[in-house]
Amino acid sequence: MRLRPNANALPDRAEIEFPSSLKGDEKKNLTSDAPWKRIFYLCLAFRILNSLLVQTYFNPDEHWQSLEVAHQLVFGYGHLTWEWKKGIRSYLHPFLFAFLYKVLAILHLDTPWLMMRAPRLFQSIFAAAGDLFLYKFSNVVFGNHVAWWTLFSYFTNWFVFFCLTRTLANSLETVLTIVSLYYWPHMRASSGKDSGSSRKLALAIAALSCSVRPTSAVIWLYVGLIELFVASDRFRFIFLEVIPIGAVVLAFASAVDRMMYGSWVIVPLNFLKFNFLSPGGDYYGTHPFHWYFTQGFPVMIFTFLPFSVAGVIYSKNWKLSGLIGWVIGIYSILGHKEFRFVLPVLPIALMFSGYSLAALNTQELPLGKSKRSTKVHTRWSLKLRLAVFFLLVTNIPMGLYMSLVHQRGTEDVMYYLATEARSGEVRSVLFLTPCHATPYYSALHQNVPMRFLDCTPSEQRGIPDESDRFMLDPVGFMSEFVRNWTLPSHIVLFDSEERKLKDFLISENFREAKRFFHAHFKVDRDLQSSVVVYVLTSW
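Attention in this report is confined to the structure presented alongside it. Each chain has its residues counted from 1, following the order in which its sequence is written. Selection of residues for local features in this predicted model requires a pLDDT of at least 70, selection of side-chain atom pairs for listing and counting requires 80 or more, and totals for whole chains, interfaces and linings are taken over all residues. Values shown for side chains rest on all heavy atoms present in the structure; no hydrogens or waters enter the calculation.

1. A closer look at the nonpolar core
As a reminder of what qualifies: Definition of nonpolar core: a set of buried residues of the types Ala, Val, Leu, Ile, Met, Phe, Trp, Tyr and Cys, connected through side-chain atoms within 4.5 Å. For the exposure calls, accessible area comes from a 1.4 Å probe over protein chains only, and a residue counts as buried if that area is under 20% of its type's maximum, exposed if over 50%, partly exposed in between. Contact criterion: two residues are considered in contact whenever any of their non-hydrogen atoms come within 4.5 Å of each other.
Counting residues in each nonpolar core, the largest one holds 75 residues, and the members touching the most others are Phe137, Trp184, Phe297, Val342 and Leu346. Ignoring sequence-local partners within four residues, the contact set of Trp184 consists of Ala202, Leu203, Ala206, Trp220, Val223, Glu227 and Phe237. One finds Tyr57, Tyr441, Phe452 and Phe494 within the second-largest nonpolar core, a separate group that totals 27 residues.

2. Here's the deal with the packing of aromatic side chains
Our working rule: Two aromatic rings, drawn from Phe, Tyr or Trp (for Trp, its six-membered ring), form a pair once their centres lie within 6.5 Å of each other, and the interplanar angle then sorts them: stacked below 30 degrees, edge-to-face above 60, tilted otherwise. Secondary structure counts use DSSP, requiring at least four H or I residues in a row for a helix and at least two E residues in a row for a strand, with both numbered from the N terminus. To sit over a ring, a charge needs its Lys NZ or Arg CZ within 6 Å of the ring centre and within 35 degrees of the ring normal.
Under the defined criterion, the tally for this structure stands at 46 aromatic pairs. With centroids separated by 5.4 Å and ring planes inclined at 75 degrees, the aromatic side chains of Phe133 and Tyr182 adopt a geometry described as edge-to-face. Taken together, the residues span a long stretch of sequence, with Phe133 in helix H6 (residues 112-142) and Tyr182 in helix H9 (residues 169-183) at a distance of 49 residues. Of the two residues, Phe133 and Tyr182, both sit in the buried class. Here a set of aromatic residues connected by ring pairs shows up, and it is made of Phe58, Trp158, Phe159, Phe162, Trp291, Tyr292, Tyr331, Phe339 and Phe341. We note Lys136 situated over the ring of Trp36; from NZ or CZ to the ring centre the distance is 5.0 Å.

3. Details of the sheet that holds strand E7 (residues 530-536)
We count it as follows: Being paired, for any two strands, means DSSP has found at least two bridges between them. The convention used is that axes are lines fitted to C-alpha atoms, helices contributing only their stretch in contact, and that angles between N-to-C directions extend from 0 to 180 degrees.
Pairing within the open sheet is mixed, and its five strands lie in the order E4-E3-E5-E7-E6. Every other strand in the sheet has two partners, leaving strand E4 (450-452) and strand E6 (510-517) as the edge strands with one partner each. The average angle at which neighbouring strand axes cross in this sheet is 20 degrees, direction not considered. Lying on the sheet, helix H19 (residues 409-422) is in contact with strand E3 (429-432), strand E5 (490-494), E6 and E7; it crosses E6 at an angle near 130 degrees.

4. With respect to the state of the cysteines
To keep it simple, the criterion reads: When two cysteine sulfur atoms are found within 2.5 Å, that pair is recorded as a disulfide.
Throughout the structure, instances matching the rule amount to one disulfide. Each sulfur in the disulfide pair Cys435 and Cys455 lies 1.9 Å from the other. Taking the sign of the S-S torsion, 85 degrees for the link of Cys435 and Cys455, the bridge is right-handed. In this pair, Cys435 sits in the loop between E3 and helix H20 (441-444) while Cys455 sits in the loop between E4 and helix H21 (466-472), placing the two residues 20 residues apart along the sequence.

5. Re H19
Defined as follows: An expected span of 1.5 Å times one less than the residue number is assigned to each helix.
Here H19 spans 20 Å end to end across 14 residues, near enough to the 20 Å set by a 1.5 Å rise per residue. Those residues of H19 not exposed but buried are Gly409, Thr410, Glu411, Val413, Met414, Tyr416, Leu417, Ala418 and Ala421. In the stretch just after H19, Gly424 is the one whose phi turns positive, near 80 degrees.

6. Focus on the pairing of E5
Where burial is concerned, most of E5 is hidden: five out of the five residues are buried. Both faces of E5 are covered, namely the face carrying His490, Val492 and Phe494 and the face carrying Ile491 and Leu493. Two elements, E3 and E5, share four bridges in a ladder whose sense is parallel. Bridging from a neighbouring strand, Phe431 pairs with Val492 of E5. With five bridges connecting them, E5 and E7 associate as antiparallel partners. Pairing of Ile491 across the sheet is with Tyr534, part of E7.

Structure (structure tokens):
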């Protein structure tokens, strides 16, 4: 296998040099495009299984910024958080799941199990499309052999498995990023001459990604600057493509939001003002500047890290590796940091891992020292077998544990309450947990009164919200809270607070009804090992 540098000296694509003894038909079979439909069906089957195995709670936005909004749109009840009152969220993403809920309602399939599982099954379709386009993108950049190993890396990386089929806007943003990069001419193997490339289509998808998640603009600023540097038609690019396409997509998104908000709201502007131009995002915690480099991204890419670093060094594809560094660097400037924010560049990093793994199955190149042409081994080398074994035994247990075990109690408790409510056994629910610690109406799917501890950011910094006050002093908080409460039929709380409130709950005629395992180790607070449901003894 020999690397051929293109016109701008970036060796973006690895090409196989075939022995002269091969006949023309044999060469054609080896170099022909892969059967995309079969690859998509493979990806879809895998992501469906993936979605069914994701049964834990990761981030509140998965439920509260997508499914809860969609449920309110379709069924008329659901909780809209403070972000929707300030106009910093777009309805484009929730609309996808509103469509799903409407179909379930029409077919009378809105059962507790499907209301919990169907959104992630639906997301698996988008995730599979992203898998396919990652394969195709890797194929045009590095070649078919690398593309298969890229797909292997993407399928087996623990964080992708854990996160991609969740209903986060970041998951859809990741898919749209991959698709747009595939169509972007100057991010491909040759300088815009590929028949499969389309700058206008890439721009439209990028604009849609920014509408779904405005911070996606960080990615497309880098890609746009690369385009300005290498393109010969800069005037056309800016004035006849970027501005018109961006305006059309923004107008479409604004029209959708105008219909839902009842007034004109420029969501990307409001979002960027709150998260970038003000310390609003810091309300939910801050991390040091180096967090993404030293903890965040290394945890996500996990044991693929050395393979990805080797792929970056030896492939010398500085455009794509630069994109990873750019995104992580820009996000490092912000105080509030989360793993999911940099999810869109994880597939790119895993492309470089695929490059390294493919190299271990060749004679010397592209990671070796020899400059001679090489062939792909029909049998895996010992190095490759050891590498695959190492990656599987480190990522599969991690992915399954995080998806099936860690923090599953808050999802299990909502399924339990949903089945109880469906039978008329639930009158009202009070959640004495950190705010947004569980799914809400989108999981319960019964219009019964529910109450959780509020955590809306205060206009004045340093003032603890209702959720913080409860966590600091559960007994003192409840002594004040009961003066104005209406007794709920069910109370949900973590065992760490239950120990402090057990006597109080018994004195108010509550008894333990159900206990669900939640976690083996603490994350942000004290260990929350189980979720407990207390029920009023007589109501």
